[in-house]
Amino acid sequence: MSVLIKNATLVNADASEQSDVFINNGLIERIEPDIHSADVNLSASSPVEVIDASGKYIIPGGVDVHTHFNIDVGIAQSCDDFYSGTVSAACGGTTTIIDHMGFGPAGCSLHHQLERYHEYACDSAVIDYSFHGTIQHIDDSILDEMESMVLDEGISSFKLYLTYGFKLDDTEVLAALSRLNQLNALTCVHPENDGAIRFLKNRMLARGLKDPIYHALSRPPECEAEAVGRMINLAVLAGDAPVYIVHLSNGIGLEYIRQAHQRGQPVFAETCPQYLQLDINRYNETCSGDFPADQGLKYIMSPPLRDSDHLKQLWHGLQDGTISTVATDHCAFTMEQKRAGRDGFQYCPNGMPGVENRIPLMFSEGVMKGRLSINHFVDLVSTKPAQLFGLYPRKGVIAEGSDADLVIIDPDCEVTLSQSQMHSRSDYCPFEGMTLQGYPVMTLSRGKIIVRNGVFKGLAGDGEFIPRETLNRCFRYWNRS
Ligand code: DUC
Ligand code: ZN
Ligand code: ZN
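Residues numbered from 1 in each chain as written. Chains lettered and ligands numbered in written order. Predicted model: local features only at pLDDT ≥ 70, side-chain atom pairs only at ≥ 80, totals over all residues. Heavy atoms only, no water.

Per an unreviewed UniProt entry, the recorded name for the protein chain is Dihydropyrimidinase, and the organism is Endozoicomonas euniceicola. Here the protein chain is described in UniProt, under the heading Cofactor (unreviewed entry), as follows: "Zn(2+)". UniProt's Sequence similarities (unreviewed entry) comment on the protein chain is quoted here verbatim: "Belongs to the metallo-dependent hydrolases superfamily. Hydantoinase/dihydropyrimidinase family." (UniProt positions renumbered as here; feature names shortened; annotations may be inferred.)

This is the structure we're talking about:
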């Protein structure tokens, strides 16, 4: 498919320009003002579709570096697989995802989960994808295996957990950080203090406090912030190993990251739209009938939603560059699955949908409300994630030679979010009823139009696995200012 997009404003992280774009063989072939279709017809590999994008923005396709498709969390299996999850992503303007692989059987190798995930994604994904390695235990064979994951398999980032069943202790964390630093791979961390959560949770349950709000109160900001601070200090001990904090939800941890930056430490932070838009009061949402706390179950995830002061601090963290990326932690369940939490918040599978909402929410709440420049928005949702995770400049930028992963946003399009328009298999939208100004109206994946005015046109299996570069290559593009 060859496409000529005319009259749009092209937006990159560093600048915007008025130009035409010619796409051929899946790549961006020419960026110039005033390209005529007669000029490109000769070089085109197929008939050229001309699109007039006057009054609209073209951004590099969104890169969501935190999804969980097809995940089994022990008490439930998420309802989105690599098909419904990536269709949802595409419809919301995301053209590449990096999925955090779930835990495998105890003692399994890193390659075990990778093989499984290749099987899950290969015939299903409609957009390009990669995976983060998941470290669920540490021994010599895991430390050895990391090298081939990075060099042979193109997996240049790994996640470890400081809570949940497969949490690592400080000795194991140091071993992982040091080894991954040696390999120029990025260590991602789910930071929550396991012991503190256990103490608070047991105390609440012993008092019969089981409603969704107690999920949040058993994991207060200090539990997350302590683990963020610990991770920053351990990273120093591991020789200034680069570390990436996933789903940051609170202002105390943010301050620790800010201090680390002042010392010049390579610490990167991600937040998610839910932590910027939804506050802790959501857990007290009720519905009529016998189950007053029912609706609050929708928002049970870890870390939990915070009070409005933290939301403000996170926006500030985006504005001053302390937070580098916005991802989603998409981990979708149906209401029926979430209702397991009626018997107590501890039975509710953690997570919610969001991959389709990230770009529209950040554009409307960030750019249209004047909190972020449009270039900074592109940096947060596409460029920086691509740079940090070894996808740049193939992804994350509109440049000649880059993949033609592009999204056209119409700033005049007003949309009230509703589950009925979403493509996730979940039966609720956490942002239901929010009215957004501006919405993606077209998504191209390697030059193919896969979403047009909200209608999905792509094919299962068209998404490709993208092997990723290591950090020494990523750092060439990285600059925190
Ligand atoms: N928290 C996670 O860490 N992962 C999936 C969903 C969630 O709530
Ligand atoms: Zn997590
Ligand atoms: Zn997650």
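Visitor: Explain the overall build of the protein chain residue by residue, including any values.
Guide: Regarding its fold elements, the protein chain presents 15 helices and 17 strands. Taken over the C-alpha atoms alone, the protein chain extends approximately 75 × 55 × 40 Å along its principal axes. Looking at the protein chain as a whole, 62% of its 481 residues are labelled buried. In the protein chain, the share of contacts with a sequence separation of at least 24, taken over all contacts with a separation of at least 6, comes to 77%. Summing over all exposed atoms, the protein chain offers an accessible surface of approximately 17100 Å²; the carbon and sulfur share of this is 48%. A gap of 4 Å separates the mean positions of the 38 positive and 61 negative side-chain charges of the protein chain. (Helix = DSSP H or I, 4+ residues; strand = E, 2+ residues; numbered from the N terminus. Buried < 20%, exposed > 50% of the residue type's maximum accessible area, 1.4 Å probe, protein only. Contact = heavy atoms within 4.5 Å. Areas by Shrake-Rupley, 256 points an atom, 1.4 Å probe, with all protein chains shown as cover. Lys, Arg positive; Asp, Glu negative; His and termini not counted. Charge placed at Lys NZ, Arg CZ, Asp CG, Glu CD.)

Visitor: Which residues make up the side chain of D99, and what values go with them?
Guide: Along the chain, D99 turns up in strand β7 (residues 94-100). Although D99 is buried, it forms no salt bridge, and the closest oppositely charged side chain is K159 at an N-O distance of 9.7 Å. Separated by 2.7 Å, the side chains of D99 and T67 make a polar contact. Setting aside its immediate chain neighbours within four residues, D99 contacts T67, H68, F69, F82, Y117, S130, F131 and H132. (Salt bridge = Lys/Arg side-chain N within 4 Å of Asp/Glu carboxyl O. Polar contact = N/O pair within 3.5 Å; in protein donor to acceptor, adjacent residues only side chain to side chain.)

Visitor: Outline the sheet that holds strand β6 (residues 62-67), listing residues and values.
Guide: Spatially, eight strands are ordered β6-β7-β8-β9-β10-β11-β12-β13 in an open sheet, and the strand pairing comes out parallel. Looking along the sheet, the strands with just one partner apiece sit at the ends: β6 and β13 (325-326). Two elements, β7 and strand β8 (residues 128-134), share five bridges in a ladder whose sense is parallel. Along β8, the bridge assignment pairs I97 with Y129. (Pairing = 2+ DSSP bridges.)

Visitor: I'd like a description of the site of ligand 1, backed by residues and values.
Guide: Residues in contact with ligand 1, as listed here, are H68, Y164, H190, H247, M301, S302, D329, C331, N350 and G351. Between Y164 and ligand 1, the recorded distance is 3.3 Å, taken from a side-chain N or O atom to an oxygen atom. Here a nitrogen atom of ligand 1 and a backbone polar atom of S302 are 2.8 Å apart. The protein chains hide 95% of the 240 Å² of surface that ligand 1 would expose on its own. The cavity where ligand 1 resides is the largest pocket. Here the shell around ligand 1 is composed, by residue class, of three nonpolar, six polar and one charged. (Near = heavy atom within 4 Å. 1 Å grid on protein atoms, 1.4 Å probe; cavity = no way out; pocket = protein on both sides within 12 Å on 5 of 7 lines; lining within 4 Å. Sits in = over half its atoms within 2 Å of the grid points. Nonpolar A, V, L, I, M, F, W, Y, C, P; charged D, E, K, R; others polar.)

Visitor: Quick one: what's the story with empty space enclosed by the protein, residue by residue and with numbers?
Guide: Tallied over the full model, the rule gives two cavities of 30 Å³ or more. Estimated volume of the largest cavity: approximately 60 Å³. Lining the largest cavity are S88, H330, P353, G354, V355, E356, N357, M422, S424, Y428, C429 and P430. Considering only residue class, the lining of the largest cavity consists of six nonpolar, five polar and one charged. (Points joined across faces, edges and corners; volume = space filled by probe spheres on them.)

Visitor: Provide a residue-level description of the environment of I280, including the pertinent values.
Guide: Among the secondary structure elements, I280 is positioned in the loop between α10 (273-277) and α11 (308-319). Apart from residues no more than four positions distant in its own chain, I280 is found in contact with I213, A216, L217, L305, R306 and D307.

Visitor: Tell me about the coordination of the zinc ion (ligand 3), residues and numbers included.
Guide: Bound to the zinc ion (ligand 3) are the protein donor atoms H66 (NE2), H68 (NE2) and D329 (OD), situated 2.0 to 2.1 Å from the metal. All donors of the zinc ion (ligand 3) come from a single chain, and their spacing in sequence reads H-x1-H-x260-D. A separation of 3.4 Å is found between the zinc ion (ligand 3) and the zinc ion (ligand 2). Taken together, the positions of H68 in the loop between β6 and α2 (82-91) and D329 in the loop between β13 and α12 (335-338) put the pair 261 residues apart, joining distant regions of the chain. Residue classification places H68 among the buried residues on the basis of a relative accessible area of 6%. The exposure class of D329 is buried, given its relative accessible area of 12%. (Donors = N, O, S within 2.8 Å, 3.2 Å for Na, K, Ca; no water.)

Visitor: An account of the coordination of the zinc ion (ligand 2) is needed here, citing residue identities and associated values.
Guide: Around the zinc ion (ligand 2), the protein supplies H190 (ND1) and H247 (NE2) as donor atoms, at distances of 2.2 Å. For H190, a relative accessible area of 1% gives the class buried. Taking the relative accessible area as the measure of exposure, H247 reaches 1% and is therefore buried.

Visitor: So what's going on with the layout of surface pockets? Residues and values would help.
Guide: The computed volume of the largest pocket comes to approximately 800 Å³. As for the largest pocket, its lining consists of 37 residues, and the residues nearest its centre are V73, Y164, R219, S302 and N350. Elements with a contribution of two residues or more to the lining of the largest pocket: β9 (157-161) and α6 (194-206). When residues in the lining of the largest pocket are grouped by element, the largest group, five residues, is from α6. Residue composition of the lining of the largest pocket, grouped by class: 15 nonpolar, 14 polar and eight charged.

Visitor: Provide a residue-level description of the packing of aromatic side chains, including the pertinent values.
Guide: Enumeration according to the criterion identifies 16 aromatic pairs in this entry. Seen from their ring centres, F103 and F166 are 4.9 Å apart, and the 55° between their planes marks the pair as tilted. Within this pair, whereas F103 is found in the loop between β7 and α3 (110-122), its partner F166 is found in the loop between β9 and α5 (170-182), the two being separated by 63 residues in sequence. Accessibility expressed as a relative area gives 27% for F103, which makes it partly exposed. (Phe/Tyr/Trp six-rings, centres within 6.5 Å; stacked < 30°, edge-to-face > 60°.)

Visitor: Mind laying out α6, listing which residues take part and the relevant values?
Guide: Helix length check: α6 (13 residues) gives 18 Å between terminal C-alpha atoms against 18 Å at 1.5 Å per residue, within 8%. Where α6 is buried, its residues meet α7 (212-217) and α8 (221-237). Where α6 terminates, the next one or two residues include G208, which has phi positive at roughly 80°. (Expected span 1.5 Å × (residues − 1).)

Visitor: Talk me through the packing of helix α4 (residues 140-151) against α5; I want residue IDs and the actual numbers.
Guide: Direction vectors running N to C along α4 and α5 enclose 30°, while the axes themselves pass 10 Å from each other. The angle between α4 and α5 falls in the class roughly parallel. The crossing of α4 and α5 is right-handed. Counted together, L143, D144, M146 and E147 of α4 and A175, R179 and L180 of α5 form the full contact between these two elements. (Axes fitted to C-alpha atoms, helices over the stretch in contact; angles between N-to-C directions. Parallel < 35°, antiparallel > 145°, perpendicular 65-115°, else oblique. Left-handed = near helix turned anticlockwise from the far one by under 90°.)

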